[in-house]
Amino acid sequence: MGNASDPITGQVVAITGASSGIGEATARLLSARGAHVVLAARRTDRLTTLVDELPHDAVAVPADVTVPEDVTRIVDTAVERFGRLDVLVNNAGIATIGEMADGDVAGWDAMIDVNVRGVLYGIAAALPVFRRQGRGHIVTTVSTAGLKIVPTMGVYAATKNAVRTVMEALRQESTDGVVRTTSISPGFVNTELDGSIDDSDLAARIRAQMDEFGLPPDAVARAIAFAIEQPHDVEIGDLTIRPTRQN
Ligand SMILES: NC(=O)c1ccc[n+]([C@@H]2O[C@H](COP(=O)([O-])OP(=O)(O)OC[C@H]3O[C@@H](n4cnc5c(N)ncnc54)[C@H](OP(=O)(O)O)[C@@H]3O)[C@@H](O)[C@H]2O)c1
């Protein structure tokens, strides 16, 4: 699969949160275009099935992004198996959303651990490899929740804006041309993200919105591919992708 004139063919791309939703769609698209993908998540059965279905050489890495050693293993596996890592897509995320008054400290901690610490561990693991190679690309899935603040999504939005800030700092620290940075901010996408919401009424409301007008995950995968396929001296910094009907 892939063809020699496609800039994505032959690239080595590690994707966290590849077992469903946006990460899975990104793996399918990039593999179909000839990338070697390294798929990371906790649901190993999903990853194994996906590896079997992909048209191009791929590998699954069982990993919890809240554990730094797991994230390092994702990067190490790419280098051991494919000789390099061109792109890390920091995509794993959860949305244990709810009103501040619920005081869901455990849910807030969980979001900070996955959405913020997980991304930082990815950056820490990938940068030494990128510096050694002389090039590399960090893509992070952020959210429109951080652009338009809405009730119930305060802490989720805060975690997303934390990584948006980190990505901008990384961009400014990487103007020697070695590391590219891209932040992708999707609006509503029809995925399994509602599964992490504990409040059943709120989960049902989000599910209904996803079903009614959520984008197919492939729409976000195409945006990620657009950022990756640019020549290395072209950096797509921020992309926002909403359903046309989202307010
Ligand atoms: N859906 C939307 O409307 C939307 C909008 C804006 C931004 N986003 C962001 O898009 C990203 C992908 O979410 P999605 O919508 O595709 O939802 P999803 O279908 O629930 O996918 C989330 C992925 O993250 C993984 N994950 C969660 N916790 C993890 C952990 N501790 N370690 C490793 N992997 C973990 C999950 O895999 P396992 O459970 O197998 O580990 C799964 O593969 C997230 O960062 C989310 O915040 C989504």
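Further up the page is the structure itself.
Residues numbered from 1 in each chain as written. Predicted model: local features only at pLDDT ≥ 70, side-chain atom pairs only at ≥ 80, totals over all residues. Heavy atoms only, no water.

**Looking at the side chain of threonine 26**
The line we're drawing: A helix here means a DSSP run of H or I that spans at least four residues, while a strand means a run of E at least two residues long, and both kinds are numbered starting from the N terminus. What qualifies as a polar contact is a pair of N or O atoms within 3.5 Å, subject to a donor-acceptor requirement within protein and to the restriction that residues adjacent in sequence count only when both atoms come from side chains. By the convention used here, residues are in contact when the closest approach between their heavy atoms is within 4.5 Å.
If you trace the backbone, threonine 26 turns up in helix H1 (residues 21–32). Here the side chain of threonine 26 touches isoleucine 22 through a polar contact of 2.7 Å, landing on its backbone oxygen. Not counting residues within four places of it along the chain, the set of residues in contact with threonine 26 comprises Ile15, Ala221 and Ile224.

**Quick notes on the site of the ligand**
So the rule is basically this: Nearness is defined per residue: one heavy atom within 4 Å of the molecule or strand is enough. Residues are sorted three ways: Asp, Glu, Lys and Arg are charged, Ala, Val, Leu, Ile, Met, Phe, Trp, Tyr, Cys and Pro are nonpolar, and all the rest, Gly among them, are polar.
Close contacts around the ligand come from 30 residues, with Ser19, Arg42, Arg43, Tyr156 and Thr191 the closest. Contacts to the ligand include glutamate 192, whose backbone N or O atom sits 3.1 Å from an oxygen atom. Measuring from an oxygen atom of the ligand, one finds a backbone N or O atom of leucine 193 at 3.3 Å. When contributions to the shell around the ligand are tallied by element, the ones reaching two or more residues are H1 and helix H5 (154–172). Residue composition of the shell around the ligand, grouped by class: 15 nonpolar, 10 polar and 5 charged.

**What about the sheet that holds strand S4 (residues 87–90)?**
The criterion, for reference: Being paired, for any two strands, means DSSP has found at least two bridges between them. Helix axes use the C-alpha atoms of the stretch in contact, all axes being lines fitted to C-alpha atoms, and the angles between their N-to-C directions lie in the range 0 to 180 degrees.
If you walk across this open sheet you meet the 7 strands as S3-S2-S1-S4-S5-S6-S7, and the pairing is parallel. Each edge of the sheet is formed by a strand with only one pairing partner; in this case those strands are strand S3 (58–62) and strand S7 (238–241). The mean angle between the axes of side-by-side strands here comes to 15 degrees, regardless of whether they run parallel or antiparallel. Across 3 bridges, strand S1 (residues 12–16) lies against S4 in parallel orientation. If you follow alanine 14 over to S4, its bridge partner there is leucine 88. Sheet strands in contact with H1 are S1, strand S2 (36–41), strand S5 (136–141) and strand S6 (179–186), and its direction is about 165 degrees off that of S1. Along the sheet face, helix H2 (residues 44–53) touches S2 and S3 and points at about 175 degrees away from the line of S3.

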